[in-house]
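What the coordinates show
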Amino acid sequence: EGGIWRSKDGGENWERVLGGLPQGIIGRSGISISPVNPDRIYVIQETDNEKQGGLYRSDDGGKSWSRVNRDHKLRQRAWYYNHVVAHPTQEHVVYVMNVRFHKSIDAGKTFENVRTPHGDNHALWINPDQPLIMIEGNDGGACVTLNGGKTWSTQHNQPTAEFYRVSVDNQFPYRVYGAQQDNTTISVPSKMEDVLDPIATWQSAGGGESGHIAVDPRDPNLIYAGTYIGQIDRSEKDKGLRQDVMAYPQMHDGTEPRHIKYRFQWNAPIRISPHNPDIVYHCSQFVHKTEDRGKTWAVISPDLSLAKDAYHDIPGGPVQHDHTGVELYGTIFSFEESPHAPGELWTGSDDGLIHLSRDHGLTWNNITPSGMPQEGTINSIELSDHLPGRALVAVYKYRDNDMRPYIFITNDYGASWELATNGIPEDHFVRVVREDKVRQGLLYAGTEFGMYLSLDDGNNWQPLQLNLPFTPITDLAIAKNDLVVATQGRSFWILDDLTPLQYWNEKNSEELLHIFPIQPGIRSQLAGNRRSDHNQPNGAVIYFSSEATDTNRILTLEIIDSDGNVRRTFSSNPEKESKHETLQVKAGLNRFIWDLRFEKPVVQEKAVFSLANLGGIKAPPGEYKVRMQLDSVEQTVGVSVQTDPRWEVTDVTLIELYSSTMKAKNALENCHKSIGTIRSIQRQLKQLSDRDDVKNLEDIQPLISSVRDSLSGLENWLIQTKSESRQDPINYPSRIDDQFAYLYSTLNSKDDAAGKGAEQRLEDLQSELEPLLKRLEEIIETVQELNQKLKQSSIQVIEVPVQTIKP
């Protein structure tokens with residue numbers, strides 16, 4: 001009943017269009033009517049008749065048809081493509097989408113290839129008014145041309161990758177790995193490096209578009225990555241070496257599965273043993289094991305699927321067959337080795353079987369739950385870190401139109417199972433379930449329509465969507481206490497820091513104020529990139545729950561150093577205390593990021609510096625406290641500041657750097673306190689000199705003038721008074737405050753020893769500042785003499801700000 005049908009009454013009645021079009025069994029059909037001449041119609045069809053099929057054209061409104069092109073390049077994998085689009089203004093121009101993007105300027109007789117950013121082309125929109133503007137859709141995304149296909153926009157601006165699985169490594173920052181549909185594998189950092197463009201951090205992980213990826217826990221350069229038809233390669237990234245280590249290189253294309261020795265399906269599992277990283281597993285219908293990096297493979301299991309021969313015909317038909325590797329059935333779809341016992345191996349098949357071996361594969365037991373949907377796909381097996389014999393299994397059967405969620409849990413090696421899906425909607429089938437590494441019974445489930453969370457071992461589930469798009473969740477991984485999410489269509493996502501979920505209980509929500517344990521703050525140089533606005537925050541992440549605050553109920557957060565000094569204070573109402581920084585608070589759970597810095601240098605308002613960053617001084621490695629107070633409730637929690645584990649610098653060196661930086665900071669502050677003192681006295685002297693009762697005092701006026709001149713001269717040594725805007729210092733010579741600011745910035749930017757040059761510069765500047773501060777003390781003595789004379793004349797004396805010189 002396939003083919004082209006036509007209605008002349010708006011769809012009330014239909015008639016089959018033939019007149020030269022293929023007859024018999026018809027496959028997928030594409031049709032396009034020329035907007036220029038509606039009598040010209042293009043049809044692309046495929047049929048079971050080898051003598052028919054291809055691009056057909058009618059020039060009389062569909063009464064008669066002729067085949068104008070039979071080229072297979074236009075109709076290969078016709079079920080997947082077969083799209084034709086007529087040009088909106090040029091009658092003889094027509095496009096056909098297939099593996100490549102094809103254009104004809106002679107009404108379909110011949111075609112040329114138009115280069116697009118990616119292959120597998122499916123969709124085309126042409127601007128009817130400006131046909132040089134087109135939007136083209138392919139398996140890599142969407143792209144735009146403004147010049148008829150000569151050039152196209154990038155597809156890297158669309159976070160639309162479709163991932164099958166997700167893996168992580170053990171480095172810092174850890175990298176996230178996945179095989180992305182039609183785009184090969186990719187590895188990206190969990191935290192953005194300081195690079196020119198985020199794309200510079202992308203790496204290929206070997207393998208292909210569909211496979212699992214396993215990274216050696218000892219060395220992130222050693223990667224095993226797969227793809228379809230059993231292909232697996234071993235990459236040694238640091239050596240630029242990539243080797244095919246396929247167990248049995250047999251071509252699958254066009255081959256009946258019953259004639260394939262090892263049925264490695266599209267998404268065949270690859271796992272590295274958690275006990276011995278030299279052992280790697282790869283699964284077909286059998287479990288394969290290598291101990292020599294893939295040079296040799298041993299089969300250590302029988303066929304662990306149903307192995308129904310009826311399912312092993314060549315896929316497709318009757319118009320076209322299609323066998324790329326994804327169509328294999330009766331395979332091991334998931335595999336794990338216990339984190340507790342070497343050689344304890346669990347498998348799940350795509351036709352509903354779970355097997356367990358506890359003797360390195362010598363014997364296998366079928367432990368399939370009685371409630372397993374018939375021939376369901378065991379998509380993931382999660383073996384608990386908390387309890388031996390505990391497994392959580394995600395099963396789906398949507399390919400048979402069963403959309404129900406299936407999560408099975410066992411605590412006794414499969415002797416008994418429970419179905420745990422209460423709270424997940426009946427049509428949200430589950431692809432993956434993971435258990436938290438810290439809190440047993442805290443579970444995360446990825447479904448076809450988003451994320452779910454259980455706090456009670458699967459008895460009840462609730463959405464964990466937050467800002468995550470509603471999209472299929474294909475896999476989950478927990479790394480460095482983050483939840484890493486693979487999606488189909490929205491790329492990778494990371495939920496930073498699972499601490500609040502791990503330590504949440506009903507009591508927390510009832511408390512006036514509660515601070516959750518704080519993960520160590522890592523001092524690193526992962527600064528991010530100006531084009532990346534999705535980076536994980538740098539610093540210590542502080543989660544707290546509280547009641548709402550207002551102007552009368554102020555919540556404060558203090559950072560306290562190891563000596564008990566309060567170094568920074570944040571407040572929900574900073575207007576009441578000028579020294580407090582803003583703390584955003586809402587009722588319920590809050591997140592605050594401490595950037596691992598203490599207070600900023602205090603300088604004069606509107607001071608202008610050249611090449612200086614006067615941010616807060618970096619906290620050295622050590623133990624600190626976070627103290628919060630709301631009403632009468634006070635809580636204190638410890639937080640550790642640690643250095644980037646890749647660095648070789650010692651904590652002692654960074655503490656010494658901190659000491660030098662503090663000296664520069666204190667000197668800069670002393671300099672600006674002196675400037676503040678000078679300006680305060682100058683203002684008072686100006687007011688004095690303008691008073692009538694002072695103008696007549698001949699012995700005071702010269703003294704006032706002398707002091708004012710001395711102060712002005714000293715101020716010009718301490719600060720460049722002509723600088724008013726950021727780049728004024730380029731024009732006017734910098735003064736000693738600017739030099740101290742630059743030195744402070746230099747020292748505060750370091751994550752190693754201060755260096756002899758910086759230490760020498762600090763000594764030199766301190767030597768230059770000392771006589772200037774002494775000169776100010778001398779001028780202040782003269783001011784005190786002036787005050788004596790003012791007292792004698794009953795005139796208000798000059799107030800001299802206190803000069804506090806820090807050690």
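Residues numbered from 1 in each chain as written. Predicted model: local features only at pLDDT ≥ 70, side-chain atom pairs only at ≥ 80, totals over all residues. Heavy atoms only, no water.

1. Let's talk about the layout of surface pockets
In this structure, the second largest pocket occupies an estimated 1000 Å³ of space. The wall of the second largest pocket is formed by 33 residues, among which Val-168, Arg-271, Ile-272, Glu-336 and Lys-437 lie closest to the centre. Counting residues per element, the ones that place at least two in the lining of the second largest pocket are strand S14 (167-168), strand S17 (213-215), strand S21 (270-272), strand S25 (332-337), strand S29 (377-383) and strand S37 (473-479). No other element matches S37, which puts five residues into the lining of the second largest pocket. (1 Å grid on protein atoms, 1.4 Å probe; cavity = no way out; pocket = protein on both sides within 12 Å on 5 of 7 lines; lining within 4 Å. Points joined across faces, edges and corners; volume = space filled by probe spheres on them. Helix = DSSP H or I, 4+ residues; strand = E, 2+ residues; numbered from the N terminus.)

2. With respect to the pattern of salt bridges
In total, this model carries 44 salt bridges according to the counting rule given. Notably, a salt bridge pairs Arg-40 with Asp-59, separated by 2.9 Å at the nearest N-O pair. Taken together, the positions of Arg-40 in the loop between strand S3 (30-33) and strand S4 (41-45) and Asp-59 in the loop between strand S5 (54-58) and strand S6 (66-69) put the pair 19 residues apart, joining distant regions of the chain. Asp-400 is the partner of Lys-397 in a salt bridge, and the nearest nitrogen-oxygen pair spans 2.8 Å. With a relative accessible area of 16%, Lys-397 lands in the buried category. Among the charged side chains, a salt-bridge network with shared partners connects Asp-561, Arg-567, Glu-599, Lys-665 and Glu-669. (Salt bridge = Lys/Arg side-chain N within 4 Å of Asp/Glu carboxyl O. Buried < 20%, exposed > 50% of the residue type's maximum accessible area, 1.4 Å probe, protein only.)

3. Structural notes on the packing of aromatic side chains
By the definition in use, this model includes 21 aromatic pairs. Pairing Tyr-262 with Phe-286 gives two aromatic rings, centres 5.9 Å apart and planes at 90°, and the pair type is edge-to-face. A residue pair is termed long-range when its members are at least 10 positions apart, and Tyr-262 in the loop between strand S20 (241-244) and S21 and Phe-286 in the loop between strand S22 (280-283) and strand S23 (287-290) qualify at 24 residues. By the burial criterion, Tyr-262 is buried, and Phe-286 matches it. For the pair Tyr-311 and Tyr-329, a centre-to-centre distance of 5.3 Å together with 70° between the ring planes defines the contact as edge-to-face. Within this pair, whereas Tyr-311 is found in the loop between strand S24 (298-299) and S25, its partner Tyr-329 is found in the loop between S24 and S25, the two being separated by 18 residues in sequence. (Phe/Tyr/Trp six-rings, centres within 6.5 Å; stacked < 30°, edge-to-face > 60°.)

4. What to know about the nonpolar core
Ranked by internal contacts, the top residues of the largest apolar core, which has 71 residues, are Trp-594, Met-628, Leu-685 and Leu-718. In terms of residue count, the dominant contributor to this core is helix H3 (residues 651-689) (13 residues). (Core = buried A, V, L, I, M, F, W, Y, C linked by side-chain atoms within 4.5 Å.)

5. With respect to H3
With 39 residues, H3 should cover 57 Å at 1.5 Å per step; its first-to-last C-alpha distance of 56 Å lies within 8% of that length. Most of H3 is tucked away, with 28 of its 39 residues classed as buried. (Expected span 1.5 Å × (residues − 1).)

6. Regarding the side chain of Asp-728
For Asp-728, the position within the fold is in the loop between helix H5 (701-718) and helix H6 (736-748). Buried within the structure, Asp-728 lacks any salt-bridge partner; its nearest side chain of opposite charge belongs to Arg-726, at an N-O separation of 11 Å. (Lys, Arg positive; Asp, Glu negative; His and termini not counted.)

7. Observations regarding unusual backbone geometry
Among all residues save glycine, negative phi is the norm, and among peptide bonds the norm is trans. Cis geometry marks the peptide bond from Phe-172 to Pro-173, where omega comes out at -15°. Within the secondary structure layout, Pro-173 lies in the loop between S14 and strand S15 (175-179). The step from Gly-317 to Pro-318 runs through a cis peptide bond, and the omega angle for that step is 0°. Take Pro-318: it is sitting in the loop between S24 and S25. Despite not being glycine, Tyr-413 shows a phi value in the positive range, around 60°. Topologically, Tyr-413 is positioned in the loop between strand S31 (402-410) and strand S32 (418-419).

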